[in-house]
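Spelled out from the first residue to the last, the chains are:
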Amino acid sequence: MVSCLRQFEEGSLAMIGVIANPTELAVVREFFELFKTPWEFCRSDRKYEVLVCATDSNFNKNAAKVLLIYGGQKLTFDSEENIDIASQRKGNRVLSYNGTGIPIYGDCVTFRGEGGFLRDQESQLPAIRLRQSSEMVVARIGYNLFGEVRALLTAGQPAANAAIPALELHIAVLRDLIVMSGVSLTEIPPVPDGYRFIACLTHDVDHPSIRLHKFDHTMFGFLYRAILGSLCNVVCGRMSFHNLLINWAAAVKVPFVHLGIARDFWYEFDSYTKLEKGLRSSFFVIPFKGRPGRTGSGPAPSRRASPYGANEIAEHVRKLMSAGCEIGLHGIDAWFESTEGREELEEIRRITGKSDIGVRMHWLYFREQTPGTLEKAGANYDSTVGYNETVGYRAGTTQAYKPLEANQLLELPLHIMDTALFFPGHLHLFPKEASKRVGAIIDNAVRFGGVVTVNWHDRSIAPERLWGDFYLQLIDELKNKGAWIATAAEAVSWFRKRRSATFEGLGGELTAEIGADLPGLRLIVHTRGKAPQDSLINGAVSGLARPSLDTK
Ligand SMILES: [Zn+2]
């Protein structure tokens, strides 16, 4: 990969200059952590290969070879260049990008005229205007890129758009525009060296023992689903007859479990380590029993209270840790108050003896301020941003990101949850349909890189759910498609390592802090009409990684 090195040596790294609204600076910075390519806020004394302009201000139109102007409203530029706006709308617009839909949540304009690989799906009018000459390429794109990124990273996507990795598509559009314009683009993709993407197997520990449920909604719910629900599932082809017998036998056993005669079949969630065969997963455990916690407006429903506290499963916790698994906090009120968060984290620290603790909130409670609250409480990362009712991309991304609220804390988005796939109140899928859904998520990870975060609850491999077979297939699929299977904490560390990489100036020295025992970073050069050139950023030189000749 000599040509890649030469790029560095000759100082021809394509540099993107960015002009943005002062209110969007944090969003721009985060966007370019996810699209890791050389960029800076535009300096008036410099000429750029690419200028991305996302504000209606005056700028030097000759300051770049490629000028990309984003805006969802009519701009001064449109008047100056006689660009006709066909329509303007706020939200509810889906653009078709080479056949893939990209939802636009803010203002969006379409243009009169022909052409464009970006079109309004409904009217088929172009949402891009391209003008090319021998000196430069100018593209006017009809939405506000950084406004969209902000919407995705804060409010997130409605469940109806869950299947769309919108943020990755925005990156793809920008990358394609730059490369198609004839500028070579360098980037560090969200792909660990040696793999195609990352997968995190996680387990929320909500019900680690059926013995703790006497005559409560959980026990009656179990009996109802094990006896009648299973029968219905067999009749309509969701469950095998064999599993029906297992569930009926489990239902009969319940009184004996309470008497201490039969084994507690929910108390065996540590058998995940056998199922996962040495792959290390992450378990989020509830710190205190009997606390329902609160919603945004008052006390949470009493059934949110856990029948156990982490202390009571300390023996399991130790076993899991000795198998290399990670223990995180399944938080109660940490999402709302940092004092409670601190107390909850402290309990998990006390039991695990570890200082860096990650969080996923029970029932996925979350609000816009949560990242800041968790950071203040001392959490290492959060992995709550996902859906209860469906699977996919709430924040539109396959990557761990830094919420705009936070300084340090990273969010490892949650993509696939067992209960969302199979509960009657949620997607209620047949195993075959569920495979298709998760297959699409894995295919996106292969295409865009990033991570697939899976949540398979503690009791999901036990009666009455018996979702172990599906889980095993899912693990096989992840492995076959090239996943690096890591704990949530390791995945977050890898993303931190990638974030620490910097492109030092146009002269082109690339540096990254080395993450101990983590897969390396790769550098890709995209050039029009050529296959991307890929090299490993390798070797520690006084604590810094440098581009090397070591290639694959
Ligand atoms: Zn939970």
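Residues numbered from 1 in each chain as written. Predicted model: local features only at pLDDT ≥ 70, side-chain atom pairs only at ≥ 80, totals over all residues. Heavy atoms only, no water.

**A short note on the overall build of the chain**
Thought 1: Regarding its fold elements, the chain presents 15 helices and 26 strands.
Thought 2: Computed over its C-alpha atoms, the radius of gyration of the chain comes to 25 Å, within 12% of the 24 Å expected for a compact globule of 552 residues.
Thought 3: Of all 552 residues assigned to the chain, the portion counted as buried reaches 57%.
Thought 4: Residue pairs in contact within the chain that sit at least 24 positions apart in sequence constitute 69% of those at least 6 positions apart.
Thought 5: For the chain, the exposed area adds up to about 22600 Å²; of that, 51% sits on carbon and sulfur atoms.
Thought 6: Across the chain, the mean location of the 62 positive side-chain charges is 2 Å away from that of the 62 negative side-chain charges. (Helix = DSSP H or I, 4+ residues; strand = E, 2+ residues; numbered from the N terminus. Rg over C-alpha atoms; globule rule 2.2 N^0.38 Å. Buried < 20%, exposed > 50% of the residue type's maximum accessible area, 1.4 Å probe, protein only. Contact = heavy atoms within 4.5 Å. Areas by Shrake-Rupley, 256 points an atom, 1.4 Å probe, with all protein chains shown as cover. Lys, Arg positive; Asp, Glu negative; His and termini not counted. Charge placed at Lys NZ, Arg CZ, Asp CG, Glu CD.)

**Side note on helix α13 (residues 431–448)**
Thought 1: With 18 residues, α13 should reach 26 Å at 1.5 Å per residue; the first-to-last C-alpha distance of 26 Å fits that figure.
Thought 2: Looking only at α13, the buried set comprises Ala434, Val438, Gly439, Ile441, Ile442, Asn444, Ala445 and Phe448.
Thought 3: If you follow the buried residues of α13, they end up packed against α5 (166–180), β13 (197–205), β19 (416–417), α12 (418–422), β20 (451–455) and α14 (468–480).
Thought 4: Once α13 finishes, Gly449 follows within two positions and takes phi at roughly 80 degrees, a positive value. (Expected span 1.5 Å × (residues − 1).)

**Here we look at the pairing of strand β8 (residues 107–111)**
Thought 1: Within β8, 4 of the 5 residues are buried, which leaves it mostly tucked inside the rest of the structure.
Thought 2: Bridge count between strand β5 (residues 85–90) and β8: 5 bridges; the pairing is antiparallel. Bridge pairing in β8 places Ser87 opposite Thr110. (Pairing = 2+ DSSP bridges.)

**Remarks on the coordination of the zinc ion**
Thought 1: Summarising the metal site, the zinc ion is bound by the protein donors Asp206 (OD), Asp206 (OD), His330 (NE2) and His362 (ND1), whose distances to it range over 2.1 to 2.7 Å.
Thought 2: Metal-centred angles of 51 to 123 degrees between the 4 donor atoms at the zinc ion mark the site as irregular.
Thought 3: Under the relative-accessibility criterion, Asp206 is labelled buried at 10%. (Donors = N, O, S within 2.8 Å, 3.2 Å for Na, K, Ca; no water. Tetrahedral: all angles 85-135°; square planar, octahedral: opposite > 155°, others 65-115°.)

**Observations concerning the sheet that holds strand β2 (residues 39–41)**
Hydrogen bonds between backbone atoms are what pair the strands of a sheet, whose relative direction is either parallel or antiparallel.
Thought 1: Read across the open sheet, the 6 strands follow the order β2-β1-β3-β4-β11-β10; overall the sheet is mixed. Sheet topology places β2 and β10 (128–132) at the edges, where each strand pairs with a single neighbour. Each neighbouring strand pair of the sheet contributes to a mean axis angle of 15 degrees, computed without reference to strand direction.
Thought 2: When strand β1 (residues 16–20) meets β2, the two strands line up parallel, connected through 3 bridges. When the bridges of β2 are listed, Ile16 appears paired with Trp39.
Thought 3: Along the sheet face, helix α2 (residues 25–34) touches β1 and β2 and points at about 175 degrees away from the line of β2. (Axes fitted to C-alpha atoms, helices over the stretch in contact; angles between N-to-C directions.)

**Description of empty space enclosed by the protein**
Gaps between atoms show up when a probe of the same size as a water molecule is rolled over them.
Thought 1: One pass over the structure, following the stated rule, counts 1 cavity of 30 Å³ or more.
Thought 2: What lines the largest cavity is Glu33, Leu34, Gln399, Ala400, Phe495, Arg498 and Arg499.
Thought 3: If you list the elements that add at least two residues to the lining of the largest cavity, you get α2 and α15 (488–500).
Thought 4: Broken down by element, the lining of the largest cavity gets its largest block of residues, 3 residues, from α15.
Thought 5: Looking at side-chain class alone, the lining of the largest cavity contains 3 nonpolar, 1 polar and 3 charged residues. (1 Å grid on protein atoms, 1.4 Å probe; cavity = no way out; pocket = protein on both sides within 12 Å on 5 of 7 lines; lining within 4 Å. Points joined across faces, edges and corners; volume = space filled by probe spheres on them. Nonpolar A, V, L, I, M, F, W, Y, C, P; charged D, E, K, R; others polar.)

**Considering the domain arrangement of the chain**
Note on interface size: it is often stated as the accessible area lost on association of the parts.
Thought 1: You can read the domains of the chain as domain 1 (2–188 + 522–534), domain 2 (197–209 + 266–297 + 305–493) and domain 3 (211–265).
Thought 2: Computed over C-alpha atoms only, the centres of domain 2 and domain 3 are separated by 25 Å.
Thought 3: Taken as a group, Ser209, Trp266 and Glu464 account for 35% of the area that domain 2 buries against domain 3, more than any other trio of residues on that side.
Thought 4: Taken together, domain 2 and domain 3 are joined by 2 salt bridges.
Thought 5: A salt bridge links Arg225 to Glu464; the shortest N-O distance between them is 2.8 Å. (Domains from an automatic or database assignment. Buried area = accessible area lost by both parts, 1.4 Å probe. Salt bridge = Lys/Arg side-chain N within 4 Å of Asp/Glu carboxyl O.)

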